[in-house]
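# Per-entry structural report
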Amino acid sequence: MGIIFDNEISLLWRGNKQELKIEPWGADSFRVRTGFNQVKDGFPGALEEQPEQCTVQINHYETYSEIINGDIKATVSLGGLIHYYRVSDGELLVKEVAYLGVDLPGLHRVLRPAAGGLVSINQYFSTDDDEKIFGLGQHMNGCFDQKGLVLDLSQENSAVSIPFYYSTKGYAFLWNNPAVGRVELARDRIRWVADACHQGDYWISACSEPALAMKRYFDVTGTPPVFPDWASGFWQCRLRYTTQEQVLSVATRYHEMGVPLSVIVIDYFAWSTQGDWRFDETCFPDPTAMVKQLNEMGVKVMVSIWPSIHPGSENYKEMRDQGMLLEKVSGLPIGMTFEENNMRDGKPMPVFVTYYDATNPEARDYVWQKAKQHYYDHGIEIFWLDANEPECYPNDKSDIVFHQGMGSAVANLYPREHEKAFYDGMRAAGQEQVLNLCRSAWAGSQKYGAAVWSGDVPSTFQALKNHIPAGLNMIMSGIPWWSHDIGGFHSGNIDDPIFRELMVRWFQFGAFSPIFRLHGFRLSDSMVSHGVTGGAENEIWSFGEQAQTILTDYIQLREKFRPYIHQYMEQTASTGMPLMRPVFMDFPNDAETYQHAMSFMFGPDYLVSPVSDYQAREWHVYLPQGSSWRNAWSEEVFEGGQTVVVDAPLEQIPLFVRGNAINLVSQ
């Protein structure tokens, strides 16, 4: 047993050498922390700023105490067990449970000492058979509802760990802990595991609808900035454009064809050496002139910047000597064996690269100043922050020494802090609209203008199918600016008829994604491809005449949708409603919408159901209750609450217009 007391604004419990602190943290929400002997402030996480003080009510009874903040109530027993209720109807939202199934002190929050003065935590919560859970980052497992899964709390290429979810029980939950670990979403209980961290820390909010959950989350972790004007158009990218002349040639061809192009992307190895953070002057001799020519055609430039640094870089010694690089406890550098611009027998040579420490504010400023000098000052205002997990092999970051602590306790922060380096730098330089493309993220990344893409995924129909639930869960994790490599990243042969069909279907999906970006490492029957030297073509004219016609039509269709896109992007921060979202966000009372992962809403007026099977020419689509729906191509009207079978010729994505909304397809 323990003792319960309060300090007028927080409820505290002490027992079993633990202290538990429950305090209001935003409307209808609590922050809950626990540690050995005493809860402490100042540890890294996503809840960085104290919200405005809420009015709370605290009551003490013989066997328990309670704290009430708006529509959420927490009760704490003398044994330290917590139950959370919705005040408006008295419904139990979730409760702590003991791992042995009995309410004995210390069995629902198991704290054990870990190396380095840290603590390992196993935290157990209840769940119901009919409860569904959405969010928790991006995972290419093909699952919509995350119940029944075990997810690593670790950043990897194409697996993004954001420990935030929405439960259909009516609450939102953030594991405010950047430690390496896992979450187990079993049928009988949920277990959060931190292998070694500073202390337990989570946030919970009572939310009547999923949009409110997103709004509450933004309120405490940061709201997305304004979606830039240029970002809603078509982005052209491939691995890779090797010269300034090639970049200009591709953009000019689009311009001469009359096909709108918003962004052209210069991928990796445009640099001199990894860690120089400058152009290779032999291939990009005059970036200022290049940017000027592109801007005159209405095209912005994005450049790939990695957080990696090669020992041969001009910046390596200075950064190493000033403690700006990541190292293991042993003092050895961390990183991976990769390629560099040096060639032998026509092939790139392997080299070892390490990473700068993005949790170090001095290192962040150092890297930004280099990027500013060598890119931003030439007019480049968009950065591709690739490999920002950071990518290393083996992917064990527990024994890495970061500026903010041991890797076991803070490693998952890295992508967000790298994004912060560029966001802060660009804002300080006077740029108002900031968006940077990133391969990873953590809780709060959205406030730094992070547009996260799905990583290096294969070019298969199964990968396309997996992307739809993965993207929807990523968006439900607080990342409204989500993207993917149209066509997949690797193994796509531009001469293969199967890949050409995949490209068309994926392109259609891209046209109704928050960011519309063509990218990939392409193969061809007529050439041998290497990552450094570049792959085959990857422009809209690269996949045959039929594909070119269809892709061009979808670029023009996207242009029609751009005002609509910005209208609803602007509402995300204030309402919590992202542009691309699960159907249940608009129809929370239709139970069927929680089952269907292959369709989504694009704003309030359009339901999109991408075709993700090879040679499929008809498609089953569930239309939610509460509205009529028009096929955007045929104008046929259907009543909601049924599954319909519609024609899906190669040139058409199944698309439905809600009620009496304007059909932009026919405009």
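Residues numbered from 1 in each chain as written. Predicted model: local features only at pLDDT ≥ 70, side-chain atom pairs only at ≥ 80, totals over all residues. Heavy atoms only, no water.

With that out of the way, let us pick up the overall build of the protein chain. From N to C terminus, the protein chain includes 11 helices and 42 strands. Its C-alpha atoms give the protein chain a radius of gyration of 25 Å, within 12% of the compact-globule value 26 Å for 667 residues. Projecting the C-alpha coordinates of the protein chain onto the three principal axes gives extents of approximately 80 × 70 × 40 Å. Out of the 667 residues in the protein chain, the part that is buried amounts to 64%. Pairs at least 24 apart in sequence give 70% of the contacts found in the protein chain among residues at least 6 apart. Carbon and sulfur atoms make up 47% of the accessible area of the protein chain, which totals about 23,600 Å². Looking at charge distribution, the protein chain has the averaged site of its 52 positive side-chain charges lying 3 Å from that of its 82 negative ones. (Helix = DSSP H or I, 4+ residues; strand = E, 2+ residues; numbered from the N terminus. Rg over C-alpha atoms; globule rule 2.2 N^0.38 Å. Buried < 20%, exposed > 50% of the residue type's maximum accessible area, 1.4 Å probe, protein only. Contact = heavy atoms within 4.5 Å. Areas by Shrake-Rupley, 256 points an atom, 1.4 Å probe, with all protein chains shown as cover. Lys, Arg positive; Asp, Glu negative; His and termini not counted. Charge placed at Lys NZ, Arg CZ, Asp CG, Glu CD.)

Before going further, it helps to spend a moment on the sheet that holds strand β39 (residues 628-631). Within the open sheet, the 6 strands sit side by side as β35-β36-β37-β42-β39-β40. Their pairing is antiparallel. Here the strands that pair on one side only, and so sit at the sheet edges, are β35 (580-581) and β40 (637-639). One ladder, built from 3 bridges, connects strand β36 (residues 600-602) with strand β37 (residues 606-608); its direction is antiparallel. Bridging from a neighbouring strand, methionine 601 pairs with leucine 607 of β37. Lying over the sheet, helix α10 (residues 545-569) contacts β36 and β37, oriented at roughly 85 degrees with respect to β36. (Pairing = 2+ DSSP bridges. Axes fitted to C-alpha atoms, helices over the stretch in contact; angles between N-to-C directions.)

The end-to-end C-alpha distance of helix α5 (residues 361-374), which contains 14 residues, comes to 20 Å, matching closely the 20 Å that a straight helix rising 1.5 Å per residue would cover. Buried within α5 we find Ala363, Arg364, Tyr366, Val367, Trp368, Lys370, Ala371 and His374. On its buried side, α5 packs onto β21 (300-305), α4 (316-321), β26 (382-385) and α7 (414-428). N-cap assignment for α5: the residue whose side-chain oxygen lies 2.9 Å from the backbone N of glutamate 362 is asparagine 360. (Expected span 1.5 Å × (residues − 1). Polar contact = N/O pair within 3.5 Å; in protein donor to acceptor, adjacent residues only side chain to side chain.)

Its domain assignment divides the protein chain into domain 1 (3-221), domain 2 (234-305 + 357-391 + 411-569) and domain 3 (580-658). Computed over C-alpha atoms only, the centres of domain 1 and domain 2 are separated by 36 Å. Counting residues at the interface gives 39 residues for domain 1, matched by 36 residues for domain 2. Buried surface at the junction of domain 1 and domain 2, summed over both partners, amounts to about 2,800 Å²; 58% is from carbon and sulfur atoms. Interface area lost by domain 1 to domain 2 is led by Met140, Gln155 and Asn157, which between them contribute 22%. The interface formed by domain 1 and domain 2 includes 2 salt bridges. Across the domain 1-domain 2 interface, the total number found is 19 residue pairs in polar contact (both at pLDDT 80 or more). (Domains from an automatic or database assignment. Buried area = accessible area lost by both parts, 1.4 Å probe. Salt bridge = Lys/Arg side-chain N within 4 Å of Asp/Glu carboxyl O.)

This next bit is on the nonpolar core. Formed by 171 residues in total, the largest nonpolar core has its most connected members in Phe507 and Phe512. Ignoring any residue separated from it by four or fewer positions in sequence, one finds phenylalanine 507 in contact with Phe234, Ile486, Phe516, Leu518, Ile540, Leu551, Tyr554 and Ile555. (Core = buried A, V, L, I, M, F, W, Y, C linked by side-chain atoms within 4.5 Å.)

Our next topic: the pattern of salt bridges. The tally for this structure, following the rule as stated, stands at 39 salt bridges. Measuring nitrogen to oxygen at the nearest pair gives 2.7 Å for the salt bridge that ties arginine 439 to glutamate 389. On the criterion of sequence distance, the pair formed by arginine 439 in the loop between β29 (436-438) and β30 (450-453) and glutamate 389 in the loop between β26 and β27 (400-402) is long-range, its members being 50 residues apart. What you see here is one network of salt bridges that share partners, running through Glu48, Arg364, Arg416, Glu417 and Lys447.

On to the sheet that holds strand β19 (residues 234-236), then. Strands in a sheet are paired, the pairing made by backbone hydrogen bonds, and the direction either parallel or antiparallel. Strand order in the open sheet made by the 8 strands is β31-β30-β29-β26-β21-β20-β19-β33, with parallel pairing throughout. Two strands close off the open sheet at either side, each with one partner strand: β31 (482-483) and β33 (516-518).

Moving on, we get to the packing of α5 against α7. It is the contact of α5 with α7, at a shortest axis distance of 9 Å, that shows an interaxial angle of 55 degrees. If you check the angle between α5 and α7, you find them oblique. Classified by chirality, the crossing of α7 by α5 is right-handed. For the pair formed by α5 and α7, the contact residues are Arg364, Val367, Trp368 and Ala371 on the first element and Glu417, Lys420, Ala421, Phe422, Gly425 and Met426 on the second. Along the lines of polarity and charge, the residues of the contact of α5 with α7 split into 6 nonpolar, 1 polar and 3 charged. (Parallel < 35°, antiparallel > 145°, perpendicular 65-115°, else oblique. Left-handed = near helix turned anticlockwise from the far one by under 90°. Nonpolar A, V, L, I, M, F, W, Y, C, P; charged D, E, K, R; others polar.)

Let us look at the state of the cysteines. Overall, the coordinates contain 0 disulfides when judged by the stated rule. Cysteine 237 takes part in no disulfide bond, and the closest cysteine sulfur to it belongs to cysteine 438, at a distance of 14 Å. (Disulfide = S-S within 2.5 Å.)

Let's shift gears to the pairing of strand β13 (residues 150-153). Burial along β13 is one-sided: Leu151 and Leu153 are buried, and none of Val150 and Asp152, which face the opposite way, are. Of the strand pairs in this sheet, β13 and strand β16 (residues 181-185) are connected by 4 bridges, and their pairing is antiparallel. Within β16, the residue paired with leucine 151 across the bridge is valine 183.

A separate point is the packing of helix α9 (residues 497-511) against α10. Close contact between α9 and α10 brings their axes to 10 Å; oriented N to C, the two are set at 5 degrees. As summarised for this structure, α9 and α10 are arranged roughly parallel, according to the angle between their axes. In contact with Met503, Val504, Phe507, Gln508, Gly510 and Ala511 of α9, α10 contributes Ala547, Ile550, Leu551, Tyr554, Ile555 and Arg558.

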